[in-house]
Amino acid sequence: MTNGKIAIIGTGFVADLYMRSLETFPGISLVAAYDRRRERLDAFKAHWNAPTADSLDAILSAEGDARPDIILNLTNPSEHFAVSKQCLEAEFPVYSEKPLATHMGDAKALHALATEQGLALASAPCSLLSQAGQAVVKAVREETMGTPRLVYAELDDDFIPQAPYKSWLSESGAPWPYDDEFQVGCTLEHAGYYLTWLMGAFGPVERVIAASADILPDKEVTGKAAPDFSVGTLFFRDGMIARLTCSIIAPHDHKLRIVGDKGILEVGECWSNTAPVKMRPRIKIRRKLLNSPLAKTIKMPKETHPKVGRWGAAAMNFMLGPAEMLDAIAAGRTPRLGGDFALHLNEVTLALQDAGNDVGVQIMTTTCERPEPMPWALSAQGVAA
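One structure accompanies this document, and this report is about it. The written sequence of each chain sets the order in which its residues are numbered from 1. Reporting in this predicted model follows two pLDDT cut-offs: at least 70 for local features of residues, and 80 or more for side-chain atom pairs to be given and counted; totals over whole chains, interfaces and linings ignore these cut-offs and use all residues. Values shown for side chains rest on all heavy atoms present in the structure; no hydrogens or waters enter the calculation.

Digging into the overall build of the protein
Move 1: Helix and strand counts for the protein stand at eleven helices and 16 strands.
Move 2: Here the globule rule is a power law, 2.2 Å times the number of residues to the power 0.38, and the radius of gyration is based on C-alpha atoms. For 385 residues, the compact-globule estimate of 2.2 N^0.38 gives 21 Å, and the protein sits close to it at 21 Å.
Move 3: Across its three principal axes, the protein shows a C-alpha extent of roughly 70 × 50 × 40 Å.
Move 4: Throughout this description, buried means an accessible area under 20% of the type-specific maximum (1.4 Å probe, protein chains only), exposed means over 50%, and partly exposed covers the range between. Here the protein, with 385 residues, has 56% of them falling under the buried criterion.
Move 5: Restricting the contact set of the protein to residue pairs at least 6 apart, pairs at least 24 apart contribute 72%.
Move 6: For the protein, the computed accessible surface area is about 16700 Å², with 52% contributed by carbon and sulfur atoms. Only runs of H or I of at least four residues qualify as helices and only runs of E of at least two qualify as strands under DSSP, and these elements are numbered from the N terminus. It only takes one pair of heavy atoms within 4.5 Å for two residues to be counted as in contact. For the accessible areas, the method is Shrake-Rupley and the probe is 1.4 Å, while residue cover comes only from the protein chains on display.

Laid out in structure tokens, this is it:
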């Protein structure tokens, strides 16, 4: 059982998802939460009966049982760099919500600081560690679909600017941060859900050819809106090629398809930790080549990781990443989503988001190794009808 203590900085919308997920890890305790907005912190405290602190400095100076083993940086994306830097300088490992930083120079500075301090640094999303994410990695590793040749990954969320997003509230009453969402952009917010799976399956990306645009300029945002559409072709070090799209305009589509010599590996939804991963074989009938209407499900162990119920559009355990980080620290190893992995994810995502109209080849300056599969994933057996 995973054991450890965490502190949460930032008690907005996503913090409630972490708290609901925390309930599935009885060995992990929250020692303090802090938010500079007092009314938000009070609402969070009342809803979750959570211990709170009066300042970030109070958490960083805590001793004994009140001292956290890792700090979860769940602040607004524009604050990620400053908060993570302060925590690392105080010699605390940091697990950050995505992105690691909104500027690549800042992300590299955090990586360098963590390395210098000998501290673990990781970032969301963590669904690569889920049953579905590990099933995809397993199928690729075992070439269930034959030699993989091409990936299509879609992260389209429908016409969000016309959705009733002002009525979206978290469990403790935090409003969906639409201003931040529109300023940060759907690519930085969502590309990682499939990028991490692909990096887990195929390793690092060597170069990116992408384009992005702000198609709907009248979104409600106080600052400059980020692109609300991006599309990129990713060239991986091992030769795999993937197309990834992100938008808050096109009809909802979260499909992943990995095309191989024997058929297609497919997932319908990356926001569900238990989404079925299926292999659809290719068949010949007379003079026709068809993708079989019957698909086989990738078989995984009955016991994989703690599950959470569906909340809103997702059924994801947000604590899988922090829990794996605590296990890594206890074992004296690098977290699976650790510094190199988080930095490379940040660079590839920014390459997609910042591409604009000037389509050209962007060469990645960072790299990482494929994370080891989760121990329970190694015991999975084949496919089921």
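Some details on the pattern of salt bridges
A side chain of one charge can pair with a side chain of the opposite charge if their charged atoms are brought near each other.
Move 1: Criterion for a salt bridge: a side-chain nitrogen of Lys or Arg within 4 Å of a carboxyl oxygen of Asp or Glu. This structure, assessed with the given rule, holds 21 salt bridges.
Move 2: The partner of Asp238 in a salt bridge is Arg370, and the shortest N-O contact between them spans 3.2 Å. One end of the pair, Asp238, is in the loop between strand S8 (229-236) and strand S9 (241-247); the other, Arg370, is in the loop between strand S15 (361-363) and strand S16 (383-384), and 132 residues separate them in sequence.
Move 3: Residue class for Asp238 comes out partly exposed when judged on its relative accessible area of 39%.
Move 4: When salt bridges that share partners are traced, they join Arg20, Glu23 and Glu171 into one network.

Details of helix H11 (residues 339-353)
Move 1: Between the first and last C-alpha of H11 there are 21 Å, a value that for 15 residues agrees with the 21 Å anticipated at 1.5 Å per step.
Move 2: Where burial is concerned, most of H11 is hidden: 14 out of the 15 residues are buried. Helices are assigned an expected span. That span is 1.5 Å times one less than the residue count.

What about helix H9 (residues 192-202)?
Move 1: Taking burial as the measure, the eleven residues of H9 include eleven buried ones, the bulk of the element.
Move 2: Within H9 the residues assigned to the buried category are Gly192, Tyr193, Tyr194, Leu195, Thr196, Trp197, Leu198, Met199, Gly200, Ala201 and Phe202.
Move 3: Gly203 lies just past H9 and shows a positive phi near 90°.

Section: the environment of Ser272
Move 1: Its location among the elements puts Ser272 in the loop between strand S11 (263-267) and strand S12 (277-285).
Move 2: Linking Ser272 and Tyr95, residues 177 residues apart in sequence, is a C-alpha distance of 21 Å.
Move 3: Excluding anything up to four places from it in sequence, Ser272 contacts Ala132, Arg310, Ala315 and Met316.

Section: the packing of aromatic side chains
Move 1: We call Phe, Tyr and Trp rings a pair once their centres come within 6.5 Å, taking the six-membered ring for Trp, and we label the pair stacked below 30 degrees between planes, edge-to-face above 60, and tilted otherwise. Under the criterion given, the structure shown has twelve aromatic pairs.
Move 2: The interplanar angle of 70° and the centroid separation of 5.9 Å between the aromatic rings of Phe13 and Trp311 together place this pair among those described as edge-to-face. Note that Phe13 is positioned in helix H1 (residues 13-22) and Trp311 in the loop between strand S14 (296-298) and helix H10 (320-331), a separation of 298 residues in sequence.
Move 3: The exposure class of Phe13 is buried, given its relative accessible area of 18%.
Move 4: Grouping aromatic residues by their ring pairs yields a cluster made of Tyr165, Trp168, Trp176, Tyr178 and Phe182.
Move 5: The criterion is that NZ of a Lys, or CZ of an Arg, lies within 6 Å of the ring centre and within 35 degrees of the ring normal, and then a charge sits over that ring. Over the face of the ring belonging to Phe235 we find Arg207, whose NZ or CZ atom lies 4.2 Å from the ring centre.
Move 6: One residue, Arg243, lies across the ring of Tyr152, its end atom 3.8 Å from the ring centre.

Observations concerning the packing of H9 against H11
Move 1: Angles here are taken between N-to-C directions and fall from 0 to 180 degrees, while the axes themselves are lines fitted to C-alpha atoms, restricted in helices to the stretch in contact. One can describe the packing of H9 onto H11 by two numbers: an axis separation of 11 Å at closest approach and a directional angle of 125°. In terms of orientation, H9 and H11 fall into the oblique class. Along this stretch, H9 crosses H11, giving a crossing that reads as right-handed. Where H9 approaches H11, its residues Gly192, Leu195, Thr196, Met199 and Gly200 are matched on the opposing element by Phe341, His344, Leu345, Val348, Thr349 and Leu352.
Move 2: Following the grouping adopted for this structure description, the nonpolar residues are Ala, Val, Leu, Ile, Met, Phe, Trp, Tyr, Cys and Pro, the charged ones are Asp, Glu, Lys and Arg, and the polar ones are all others, Gly among them. By residue class, the composition of the contact of H9 with H11 is six nonpolar, five polar and no charged. Any angle between 65 and 115 degrees counts as roughly perpendicular, while under 35 counts as roughly parallel, over 145 as roughly antiparallel, and the rest as oblique. Helix crossings fall into two classes, left-handed where the near helix is turned counterclockwise from the far one by less than a right angle and right-handed where it is turned clockwise.

Thoughts on the pairing of S8
Two faces, one strand: in a regular strand the side chains alternate between the faces of the sheet.
Move 1: For two strands to be treated as a pair, DSSP must find at least two bridges joining them. Pairing analysis gives eight bridges linking strand S7 (residues 205-213) to S8, with the strands arranged antiparallel. Across the sheet, Val208 pairs through a bridge with Leu234, a residue of S8.
Move 2: Pairing of S8 with S9, which is carried by seven bridges, proceeds in the antiparallel orientation. Paired with Ser230 across the two strands is Cys246, which belongs to S9.
Move 3: Hairpin connection, S8 to S9: the antiparallel pair is bridged by four residues, and Gly239 has positive phi, about 105°.

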